[in-house]
Amino acid sequence: MSLLSLSLTLAFVAVAFAVALWQRLGIERDIVVSVVRATIQLLIVGYILKWVFTSKSSLYTVLMVLIMIAVAVENARRRGRQIPGVWWRLTIAISLTTFVTIGFLLLVRIIPWTPQYVIPLSGLMTGNSMVLSSLFLNNLVSETKNRREEVNVLLSLGATPPQAIRHVVNRAIRTSMIPTVDSMKTTGLVQLPGIMTGQILAGQDPVTAVRYQLLILFAILSAAAITSITLGYMTKNSLFNRHMQLLQAFTHREA
Amino acid sequence: MIDEAHAASAVRFEGVTKTFVERNQPTHVLRGISGEVPVGKTLTLVGPSGSGKSTLLSLCNLLLTPDEGQVYINGREVRQWSIPKLRQTVGMAFQTPTLFPGTVQDNLELGPQLRGERLKNPEEWMEAVDLPANLLGRSVEELSGGQRQRIALVRTILNGPSILLLDEVTSALDPSSTQVVEKLITDWKAKSGAAILWVTHHLDQARRLGDITWYVEAGELLEANDTKTFFTRPETEQARSFIHHKDAELDDTDGGGEEA
Ligand SMILES: Nc1ncnc2c1ncn2[C@@H]1O[C@H](COP(=O)(O)OP(=O)(O)OP(=O)(O)O)[C@@H](O)[C@H]1O
Ligand SMILES: [Mg+2]
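Residues numbered from 1 in each chain as written. Chains lettered and ligands numbered in written order. Predicted model: local features only at pLDDT ≥ 70, side-chain atom pairs only at ≥ 80, totals over all residues. Heavy atoms only, no water.

Draft legend 1. Quick look at the overall build of chain A. Broken down by element type, chain A carries 11 helices and 0 strands. Mapped from its N terminus to its C terminus, chain A presents α and β elements in the order α-α-α-α-α-α-α-α-α-α-α. Principal-axis analysis of the C-alpha atoms gives chain A an extent of 70 × 55 × 35 Å. Scored against the burial criterion, the 255 residues of chain A give a buried share of 37%. (Helix = DSSP H or I, 4+ residues; strand = E, 2+ residues; numbered from the N terminus. Buried < 20%, exposed > 50% of the residue type's maximum accessible area, 1.4 Å probe, protein only.)

Here it is in structure tokens:
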């Protein structure tokens, strides 16, 4: 696809912009900002990837993966402002998810240690882990607020913080994993997954594309599980102070 | 740190203060409260809505920490206790019972379960509070308000507390359920010899059930007296007018306090 034909696709943007303007949606500014950001970000990433792919050093691959993880942590931590030290817990959960899933694929030699495989797949795992972390933290904060009476009843019966919050954490894990599990049920029926679409557009045989897509779906599923269970395990103590009381941030409904 | 001189007091407050800060606005909820509740006695706590009664109770099982001062439970400062042990010793029941989805038995087992134990005799407990044993397998959804409150209370007392904190436990109940709950608590107290701190808006209840009565207003303990004296010859002007107003109020409506 030439740059000229790419620029023709700006027509899509124009349609969205026109509708927004016409209906006074008030998101015209956001549309412009998003389009500009997406274009610049992707172009830069494209050039960086090209450069990393051609250079022989693994250092750049590792560096790319680490940067992606850092960005993911930065993005997800806003969801858990009330939880002290949430950023390092996110760092552990997202890194662990990425390293375990990609590490496994490398170990059993499903993918080779080349930037072409490692970087996009890591990005996919990190990105999914990030989305799941946000979902989990969102659920955890709201569930804790809604169920603070239950937590206090358990505490007043002599529960330790992990005992008092366990059912809340489990609920948060379950609700954050439901979208991932549900979307697997209809994948391919409603829409072709993005990766597969890309591969087919790029001329790949559909059957081969399906195999990669399955690999990715399974990896995403385990990424979801690893992320939410790790985060759940690490956050269950951090909602309490040293006197085993629920933190102030959770004792009142948000005004 | 066991303090011999006061070993006979179940609960002792020493210069306790508590301030809540919300949106940078400090509220002085407790302003230096001192007093003690002897072992085996029932203290009834009365005072206007928002005066700090619930807050005072929460200090006893360390669901809140005092900003200044000390709270001694059986002679030991709350912060010197193992906290789960403290909360097992100082049981607490709230105005609206919070039951967990599941059966009655599931709810009764919560306390023992936390310590990896099993509830040995649930039927006996049901009998003790005048509930049929066949209720054990029922879902808590099917219970009436009075039954829910009784289950919540049994759940607390089968934990074996020696001090019981009651925060308006009958405020949401009709007169007959109130009577049942009162009886359940007084019977249990007679058997166990526990001390009770009982917050109530019903002056009649405070008069009937208390050995001693405290009057709290705006975070201060204005009067502490034996219950009889408190209601017949209150010493402070504030307590006198509080009793007077409450009695007048009783004729039309019962002005229960809503949480802010
Ligand atoms: N966690 C909290 N954060 C901020 N303010 C609080 C908190 N808990 C209680 N307060 C405030 O402290 C004051 C005393 O509350 P408390 O519940 O102890 O009063 P009370 O005597 O039990 O009142 P009532 O009879 O209505 O139950 C109230 O003004 C209340 O709004
Ligand atoms: Mg109260």
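Draft legend 2. The packing of aromatic side chains, seen in detail. Per the counting criterion, the structure on display carries 5 aromatic pairs over all chains. Each ring, one from Tyr117(A) and one from Tyr212(A), has its centre 6.4 Å from the other, and the planes form 40°; the classification is tilted. Of this pair, Tyr117(A) sits in helix α6 (residues 115–146) while Tyr212(A) sits in helix α10 (residues 206–235); the two residues are 95 residues apart in sequence, bridging distant segments of the chain. Among the residues examined, Tyr212(A) registers a relative accessible area of 25% and is labelled partly exposed. Ring centres 5.1 Å apart and planes at 50° place the aromatic pair Tyr215(B) and Phe242(B) in the tilted group. Of this pair, Tyr215(B) sits in strand β9 (residues 212–217) while Phe242(B) sits in helix α10 (residues 237–252), placing them 27 residues apart in sequence. Across the pair, Phe242(B) and Tyr215(B) agree in class, each one buried. (Phe/Tyr/Trp six-rings, centres within 6.5 Å; stacked < 30°, edge-to-face > 60°.)

Draft legend 3. A look at the environment of Leu165(B). Residues and elements named next belong to chain B. Mapped onto the fold, Leu165 is located in strand β7 (residues 163–167). A residue is classified by how much of its surface remains accessible, and Leu165, at 0% relative accessible area, is buried. Spatially, the C-alpha atom of Leu165 lies 15 Å from that of Lys85, the residues being 80 residues apart in sequence. Every residue in contact with Leu165, bar those within four places of it in the chain, is listed here: Leu57, Cys60, Asn61, Val90, Gly91, Met92, Ala93 and Leu197. (Contact = heavy atoms within 4.5 Å.)

Draft legend 4. Just unusual backbone geometry, in detail. Of note in the backbone geometry, Asn24(B) takes a positive phi value of approximately 65° without being a glycine. In this fold, Asn24(B) is placed in the loop between β1 (9–22) and β2 (25–38).

Draft legend 5. Focus on the confidence of the model for chain A. Residue-level pLDDT values for chain A average 89, and 98% of them are 70 or greater. When mean pLDDT is taken per element in chain A, helix α7 (residues 148–156) of chain A scores highest with 96 and helix α9 (residues 194–201) of chain A scores lowest with 80. (pLDDT = per-residue confidence, 0-100.)

Draft legend 6. Fine view of the sheet that holds β2(B). Residue and element names in this part refer to chain B. Pairing is antiparallel in the open sheet, where 4 strands are placed in the order β2-β1-β4-β5. Unpaired on one side and paired on the other, β2 and β5 (76–77) mark the two borders of the sheet. The pairing of β1 with strand β4 (residues 68–73) spans 5 bridges and is classified as antiparallel. When the sheet's bridge partners are listed, Arg12 is paired in β4 with Tyr72. (Pairing = 2+ DSSP bridges.)

Draft legend 7. Looking closely at the pairing of strand β3 (residues 42–46) of chain B. Residues and elements named next belong to chain B. Here β3 lies mainly inside the structure; 5 of its 5 residues are buried. Burial along β3 is two-sided: Thr42, Thr44 and Val46 and Leu43 and Leu45, pointing in opposite directions, are all buried. Pairing of β3 with strand β8 (residues 195–199), which is carried by 4 bridges, proceeds in the parallel orientation. Across the sheet, Leu43 pairs through a bridge with Leu197, a residue of β8.

Draft legend 8. Up close: the packing of helix α2 (residues 10–22) of chain A against helix α3 (residues 28–54) of chain A. Residues and elements named next belong to chain A. Taken N-terminus to C-terminus, the directions of α2 and α3 make an angle of 165°; their axes are 9 Å apart at the nearest point. On the basis of the axis angle, α2 is roughly antiparallel to α3. Where α2 crosses over α3, the handedness of that crossing is right-handed. Of the residues in α3, those in contact with Val13, Ala16, Phe17, Ala20 and Leu21 of α2 are Glu28, Ile31, Val32 and Val35. Here the contact of α2 with α3 is composed, by residue class, of 8 nonpolar, no polar and 1 charged. (Axes fitted to C-alpha atoms, helices over the stretch in contact; angles between N-to-C directions. Parallel < 35°, antiparallel > 145°, perpendicular 65-115°, else oblique. Left-handed = near helix turned anticlockwise from the far one by under 90°. Nonpolar A, V, L, I, M, F, W, Y, C, P; charged D, E, K, R; others polar.)

Draft legend 9. Just the sheet that holds β8(B), in detail. Residue and element names in this part refer to chain B. Reading across from one edge, β6-β7-β8-β3-β9-β10 is the order of the 6 strands in this open sheet, with mixed pairing throughout. Two strands in the sheet have a free side with no partner beyond their single neighbour: β6 (90–93) and β10 (220–226). The mean inter-strand angle of the sheet, taken between neighbouring strand axes irrespective of direction, is 15°. Looking at chain direction, β6 and β7 are connected through 4 bridges and run parallel. Along β7, the bridge assignment pairs Met92 with Leu165. The strands that helix α1 (residues 53–60) touches are β3, β6, β7, β8 and β9; relative to β7, the one it contacts most, it runs at about 155°.

Draft legend 10. The UniProt feature "transmembrane region" (unreviewed entry) in chain A, seen in detail. All names here are of chain A. Cross-referencing UniProt, the feature "transmembrane region" (unreviewed entry) maps to residues 57–74, 86–111, 117–138 and 214–234 in the present numbering. Note that residues 57–74 is 94% helix and 0% strand, and that its end C-alpha atoms are spaced 27 Å apart. Secondary structure over residues 86–111 splits into 85% helix and 0% strand, and the C-alpha atoms at its two ends are 33 Å apart. (UniProt positions renumbered as here; feature names shortened; annotations may be inferred.)

Draft legend 11. The arrangement of the interface of chain B and chain A in detail. Listed by partner, the interface residues are 24 residues for chain B and 20 residues for chain A. By the criterion of area lost to chain A, the three top residues of chain B are Arg87(B), Phe100(B) and Leu114(B), representing 32% of everything that side buries. Linking chain B with chain A are 0 salt bridges, by the criterion used here. Summed over the shared surface of chain B and chain A, the result is 7 residue pairs in polar contact (both at pLDDT 80 or more). Mapped onto the side of chain B that touches chain A, the elements with two or more residues apiece are β1, α2 (83–89), β6, α4 (110–114) and α6 (145–157) of chain B. The residue makeup of the side of chain B that touches chain A, split by class, is 12 nonpolar, 6 polar and 6 charged. (Buried area = accessible area lost by both parts, 1.4 Å probe. Salt bridge = Lys/Arg side-chain N within 4 Å of Asp/Glu carboxyl O. Polar contact = N/O pair within 3.5 Å; in protein donor to acceptor, adjacent residues only side chain to side chain.)

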